[in-house]
Amino acid sequence: MAPTSDRFIGQGLPRIDGPKKVSGVAKYTSDHHFPGLVYAVPVTASIAKGRLTGLSTQAAEASPGVLAVYHQGNLAGKLFRRQPNKGKNDEARPPLSDDKITYYGQYIALVVARTYEQALAGAAAVKATYAAEPVDVSTRLSPEAPEKVDTERGDVDAAFAAAPVKVDYTYTTPPQTHNPIELHASVAVWDGQGFTLYETSQAIMNHQLVMAQMLGVGPQQVRVITEYLGSGFGGKLWPWTHSLLAAAAARELGKPVKLVVDRRMMFQTVGHRANTQQRLRLGATADGKLNCLRHDYLFHNARLDSYKENCGEATGFLYSTPNLKAAWSVAKRDVAPPTSMRGPGAVPGLYALESAMNELAIALKMDPVQLRLANQPDHDESTGQPFSSRHLVECLTTGADRFGWKSRDPQPGSMRNGAGEVIGWGMAACSWMAKALPAKATVQLGTDGRAKVFCGTQDIGTGTYTVIAQMVADLIGLDLKYIDVMIGDTRLPPGPMSGGSMATGSLVPAIQQATREAMDEAIEAALRGHPAFEGKAKEDVVFADMKVSVKGGSGEAVALPTVLKAAGMDHVSGDGEGKGSEEAAKKVSLHSYGAHFVEVVWQPEIARLKVNRIVTVIDAGTILNTRTGRNQIEGALMMGVGMALLEATEYDHRNGAPVNANLADYIVTTHADAPEVDITFLDYPDYALNPLGARGIGEIGLAGVAAAITDAVYHATGVRVRDLPVRIEDLLGTPQVRA
């Protein structure tokens, strides 16, 4: 049963779902349509804080095609809170459950009609009155709760006071909105006994569990289907209130209900990255050895919810220092609940930490690469554990060589390109957790010569369909075009969520075990039913390339369909299970690492700044598919450009409304902004995590990018920007004041 890794694992293979997507065959949530389907449009609050004092629905109810208007008066008591520690959602309060308004855009009613246009007109006819209260959506934060410590060692305050060289700066990141092209959507079907919910979900198993609790039914009465997802970036990890409303309306009406959240609502009711305010204090000896690091961070949260933006996630282990403390507090604001956004916690956290490291390098008059190389730990100093695999030094040195870093003149504004434009060079390191979740899978090998894989996970556009097929192909030697991958349905064996860069690593052991069991069953079938193997013992027979043969080459290999037909069987199957990385994490520190090197071009005459090129080196174990892997890092780098230079959700301080709630005013990276990229994957399998040594790469490509860009901006302009995004006003000496 020798694997054929040279054919399938580590190759840049095209996506097996690609033809369906480009031909329009792939069905996304809002593509689903059923006989009798009706349309739902939410009515949203026009204040951010206060109380709903009146709701006039008569005009809406009399509108053409309107079937029902749901609100607190006729839906409260039919929806319930999720039970503690059973599943996850970020907005704990069920929709339409009371008259309290805690954020702009909160749903206050739901109009259901025969057509979308009729539902839209009906929603516009609903009139609300409010008792409004003063709103606080400011992004300047002060702690509103006692400090909580993430990690601590030594006496950081005493060490900082005595440090020969020190920096003490505060860095901020604004609220950001996910903005996948595919809008959040739900299509809910109630058959009188249970629900079938077509969802835009990155975690269908969790979605099933939460929805069952909040609808007041058993999990077996809720089926969740996500065949394809048009990206989520973390915003589609957990259920939102529109999903619950669509399901409730379907049950009330006995009709399929489609609810698609419009782009403006995407800025209001389905999460965002919390803004952060982080103070970094670093102390070092004159030769660049860190003797202390203190990371105090704040983030905003909704009034009623408890999300944590874990900015200290990488602080405790990235660099060696005897004295360290990472601690946090929260500031409540009149905003909707924040949620995970690509690289939650570590991405804004590493922006601050890596920016501070770059500023310390300047204070030391030391190269920033050398500063990082001088402070590499030999074990995880936050836990005392050895690293499972850590090659950050090679990331730094390889990236520096590929970028040409040795030619860097450290003097700001001193470097020019061939066109005479000012260029700036910056860099940063990065890290992201490596973790595996429990997972199950089933593999079938049939008389049609095909393999089928079943797992209740989902593909969010990252290539999960393809890497699952690769894992099976690696063991059975069957071309990917003969492998059918069935995922995205909670009726399948439970699979992992697609978040935290965990899905692929979680699936490896389950898929491998299921495939090997199916291969063993094929051998058993051959021994029972085919004359070529009569009298042979199991250890005398092998399965390879969808054929069964006797070891040593005696006799011809028999194709599996022939074996199965001789045994009177339609297929053989195997079940597999992965336990997750909980036990491994008790022994070793599991993380991925990387380094980014960035060049910006600055034209002061016309105030034009552009990221010109990025060199990135990633240490993330075995890369199962270099094509989809590169896609992931490329996409993350583009988001990093947006984070550094473009993206910020702006709130109206009068009423709490997100004012740039569209893709014209919320600026994201486009092709015109995209730099050239050079991506290198190091090849160091991490077998502590799974048998293929693969770690996730969805988030790590975004971590650290913004710090490298702001460092390059400083090198080009001499202006150090600590409040993201970098604005031209900052570089012209007229920085904007953050409210």
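Residues numbered from 1 in each chain as written. Predicted model: local features only at pLDDT ≥ 70, side-chain atom pairs only at ≥ 80, totals over all residues. Heavy atoms only, no water.

Colleague: Looking at this structure, how should I read the overall build of the chain?
Modeller: If you tally the helices and strands in the chain, you get 19 helices and 27 strands. Scaling as 2.2 N^0.38, a compact globule of 739 residues should have a C-alpha radius of gyration of about 27 Å, and the chain matches this with 28 Å. In terms of principal-axis extent, the alpha carbons of the chain reach across some 85 × 70 × 50 Å. A burial count over the chain gives 59% of its 739 residues as buried. In the chain, the proportion of contacts linking residues at least 24 apart, taken out of those at least 6 apart, comes to 81%. (Helix = DSSP H or I, 4+ residues; strand = E, 2+ residues; numbered from the N terminus. Rg over C-alpha atoms; globule rule 2.2 N^0.38 Å. Buried < 20%, exposed > 50% of the residue type's maximum accessible area, 1.4 Å probe, protein only. Contact = heavy atoms within 4.5 Å.)

Colleague: Got a minute to help me understand the UniProt feature "domain: Aldehyde oxidase/xanthine dehydrogenase a/b hammerhead" (unreviewed entry) in the chain in this structure?
Modeller: What UniProt calls "domain: Aldehyde oxidase/xanthine dehydrogenase a/b hammerhead" (unreviewed entry) maps, in this numbering, to residues 23-134. Across residues 23-134, the secondary structure splits into 17% helix and 30% strand, with the terminal C-alpha atoms separated by 51 Å. (UniProt positions renumbered as here; feature names shortened; annotations may be inferred.)

Colleague: Is there a simple way to explain the nonpolar core in this structure?
Modeller: Considering soluble globular proteins, one finds that nonpolar side chains tend to be buried as a cluster. In terms of nonpolar packing, the biggest core is built from 85 residues, with Leu 282, Leu 360, Phe 597 and Ile 709 touching the most fellow members. By residue number, the principal contributor to this core is helix H10 (residues 346-364), which donates 11 residues. If near-sequence neighbours (up to four positions away) are discounted, Phe 597 is found in contact with Val 369, Cys 395, Leu 396, Gly 399, Ala 400, Phe 403, Trp 405, Gly 426, Met 427, Arg 613, Ile 614 and Val 615. In this structure, Ala 26, Ala 451, Ile 487 and Ala 518 belong to the second largest nonpolar core, which totals 51 residues. (Core = buried A, V, L, I, M, F, W, Y, C linked by side-chain atoms within 4.5 Å.)

Colleague: Looking at this model, I keep getting lost on the packing of helix H13 (residues 464-476) against helix H14 (residues 503-529). Mind explaining?
Modeller: A packed helix pair is summarised by two numbers, namely the angle formed by the two axes and the spacing between the axes. Between H13 and H14, whose axes approach to 9 Å, the crossing angle comes to 40 degrees. In terms of orientation, H13 and H14 fall into the oblique class. Both H13 and H14 take part in a crossing whose hand is right-handed. Residues Thr 464, Val 467, Ile 468, Met 471, Val 472, Leu 475 and Ile 476 of H13 form the contact with H14, whose own contacting residues are Thr 504, Leu 507, Val 508, Ile 511, Gln 512, Thr 515, Arg 516 and Met 519. Taken together, the residues of the contact of H13 with H14 break down into 10 nonpolar, 4 polar and 1 charged. (Axes fitted to C-alpha atoms, helices over the stretch in contact; angles between N-to-C directions. Parallel < 35°, antiparallel > 145°, perpendicular 65-115°, else oblique. Left-handed = near helix turned anticlockwise from the far one by under 90°. Nonpolar A, V, L, I, M, F, W, Y, C, P; charged D, E, K, R; others polar.)

Colleague: Help me understand the environment of Ala 585 in this model?
Modeller: Structurally, Ala 585 can be placed in helix H16 (residues 582-585). Look at Ala 585 and you get partly exposed, because its relative accessible area is 37%. Between the alpha carbons of Ala 585 and Lys 127 there is a distance of 54 Å; along the sequence they are 458 residues apart. Apart from residues lying up to four places away in sequence, Ala 585 is in contact with Gln 385 and Leu 590.

Colleague: Looking at this model, I keep getting lost on the sheet that holds strand S2 (residues 50-56). Mind explaining?
Modeller: As summarised here, the arrangement of the 3 strands in space is S4-S2-S6, forming an open sheet in which the pairing is antiparallel. The sheet is open, and its two edges are formed by strand S4 (100-101) and strand S6 (127-132), each paired on a single side. As defined by bridge partners, S2 adjoins S4 across 2 bridges and the pair is classed as antiparallel. Pairing of Gly 50 across the sheet is with Ile 101, part of S4. (Pairing = 2+ DSSP bridges.)

Colleague: Got a minute to help me understand empty space enclosed by the protein in this structure?
Modeller: Leftover empty space is mapped by rolling, across the atoms, a probe with the size of a water molecule. Summed over all chains, the structure comprises 6 cavities of 30 Å³ or more. Of the volumes computed, that of the largest cavity is approximately 120 Å³. Along the wall of the largest cavity there are 15 residues; nearest its centre are Pro 95, Leu 96, Ser 97, Gln 106 and Tyr 107. Considered class by class, the residues forming the lining of the largest cavity number 8 nonpolar, 4 polar and 3 charged. (1 Å grid on protein atoms, 1.4 Å probe; cavity = no way out; pocket = protein on both sides within 12 Å on 5 of 7 lines; lining within 4 Å. Points joined across faces, edges and corners; volume = space filled by probe spheres on them.)

Colleague: Whenever I open this one, helix H18 (residues 705-717) confuses me. Can you help?
Modeller: One turn of an α-helix holds 3.6 residues; hence residues three or four places apart share an orientation. With 13 residues, H18 extends 18 Å from end C-alpha to end C-alpha; this agrees with the ideal 18 Å at 1.5 Å per step. Judged by how many residues are buried, H18 sits mostly within the fold: 12 of 13 residues are covered. Residue Gly 718 follows H18 closely and has a positive phi angle near 80 degrees. (Expected span 1.5 Å × (residues − 1).)

Colleague: Quick question: what am I supposed to make of the pairing of strand S11 (residues 222-225) here?
Modeller: Bridge analysis of strand S10 (residues 195-199) against S11 gives 4 bridges, and the strand direction is parallel. Residue Leu 197 lies in a different strand from S11, and its bridge partner there is Val 224. In this view, the connection linking S10 to its parallel neighbour S11 by way of helix H6 (residues 204-215) has right-handed handedness. (Right-handed = clockwise from strand over helix to strand, strands pointing away.)

Colleague: How should unusual backbone geometry be read in this particular structure?
Modeller: Phi is mostly negative for residues that are not glycine, and the peptide bonds are mostly trans. Put simply, Leu 724 and Pro 725 share a cis peptide bond, and its omega is -5 degrees. Here Pro 725 lies in the loop between H18 and helix H19 (728-731). Positive phi is not limited to glycine here, since Asn 85 has a value of about 65 degrees. For Asn 85, the location among the structural elements is in the loop between helix H3 (72-75) and S4. Positive phi, close to 60 degrees, is recorded for Leu 96, a residue that is not glycine. In this structure, Leu 96 sits in the loop between H3 and S4. On the accessibility criterion, Leu 96 (5% relative accessible area) is buried.

Colleague: How should I be thinking about the packing of aromatic side chains in this particular structure?
Modeller: In this description, a pair of aromatic rings is defined by centroid distance and the angle of the planes. For the structure shown, the criterion picks out 15 aromatic pairs. Relative to Tyr 593, the ring of Phe 317 has its centre 6.5 Å away and its plane inclined at 85 degrees; by these criteria the two rings are edge-to-face. Highlighted residues: Phe 317 in helix H9 (residues 315-318) and Tyr 593 in strand S25 (residues 591-603), separated in sequence by 276 residues. A ring pair is formed by Phe 403 and Phe 597, whose centres lie 5.9 Å apart and whose planes are at 35 degrees; its orientation type is tilted. (Phe/Tyr/Trp six-rings, centres within 6.5 Å; stacked < 30°, edge-to-face > 60°.)

Colleague: Honestly, the sheet that holds strand S12 (residues 257-260) in this entry has me stumped. Any pointers?
Modeller: Strand pairing in a sheet relies on backbone hydrogen bonds, with the paired strands running either antiparallel or parallel. Strand order in the open sheet formed by 7 strands is S3-S5-S1-S12-S9-S10-S11, with mixed pairing between adjacent strands. If you trace the sheet from one side to the other, it starts and ends with strand S3 (66-70) and S11, each paired once. Each strand of the sheet is rotated relative to its neighbour by a mean of 20 degrees, with strand direction disregarded. Relative to strand S5 (residues 107-113), S3 is paired through 4 bridges, and the arrangement is antiparallel. Its bridge partner being in S5, Tyr 70 is matched across the sheet by Leu 110. Packing of helix H4 (residues 116-125) onto the sheet brings it into contact with strand S1 (38-44), S3 and S5, and relative to S1 it is tilted by some 25 degrees. Across the sheet, helix H7 (residues 241-253) lies against S1, S3, S5, strand S9 (185-190), S10 and S12, angled at about 25 degrees from S9, the strand it touches most.

Colleague: Explain the side chain of Gln 512 here, please?
Modeller: Position of Gln 512 relative to the elements: it lies in helix H14. Residue classification places Gln 512 among the buried residues on the basis of a relative accessible area of 6%. Aside from chain neighbours lying at most four places away, what touches Gln 512 is Leu 475, Pro 691 and Leu 692.

Colleague: Hey, could you run me through the pattern of salt bridges in this one?
Modeller: Two side chains with opposite charge may pair up if their charged atoms get near one another. Within the structure shown, the criterion is met by 37 salt bridges. A salt bridge links Arg 7 to Asp 545, with the nearest nitrogen and oxygen atoms 3.4 Å apart. Taken together, the positions of Arg 7 in the segment before helix H1 (18-23) and Asp 545 in the loop between strand S21 (541-544) and strand S22 (547-550) put the pair 538 residues apart, joining distant regions of the chain. Through salt bridges with shared partners, a single network forms among Glu 147, Asp 157, Arg 281, Arg 294, Asp 296 and Lys 325. (Salt bridge = Lys/Arg side-chain N within 4 Å of Asp/Glu carboxyl O.)

Colleague: How should I be thinking about the environment of Thr 515 in this particular structure?
Modeller: Note on placement: Thr 515 falls in helix H14. Here the alpha-carbon distance between Thr 515 and Ser 573, two residues 58 residues apart in the chain, equals 7.9 Å. Non-local contacts of Thr 515, meaning those with residues more than four positions away in its chain, are made with Val 443, Val 472, Leu 475 and Ile 476.

Colleague: Please explain the packing of H6 against H7 as it appears in this structure.
Modeller: Between H6 and H7, whose axes approach to 11 Å, the crossing angle comes to 55 degrees. Taken together, H6 and H7 sit at an angle that is classed as oblique. In this structure, H6 crosses over H7, and the sense of that crossing is right-handed. Residues His 207, Met 211, Met 214 and Leu 215 of H6 form the contact with H7, whose participating residues are Ser 243, Leu 244, Ala 247, Ala 248 and Arg 251.

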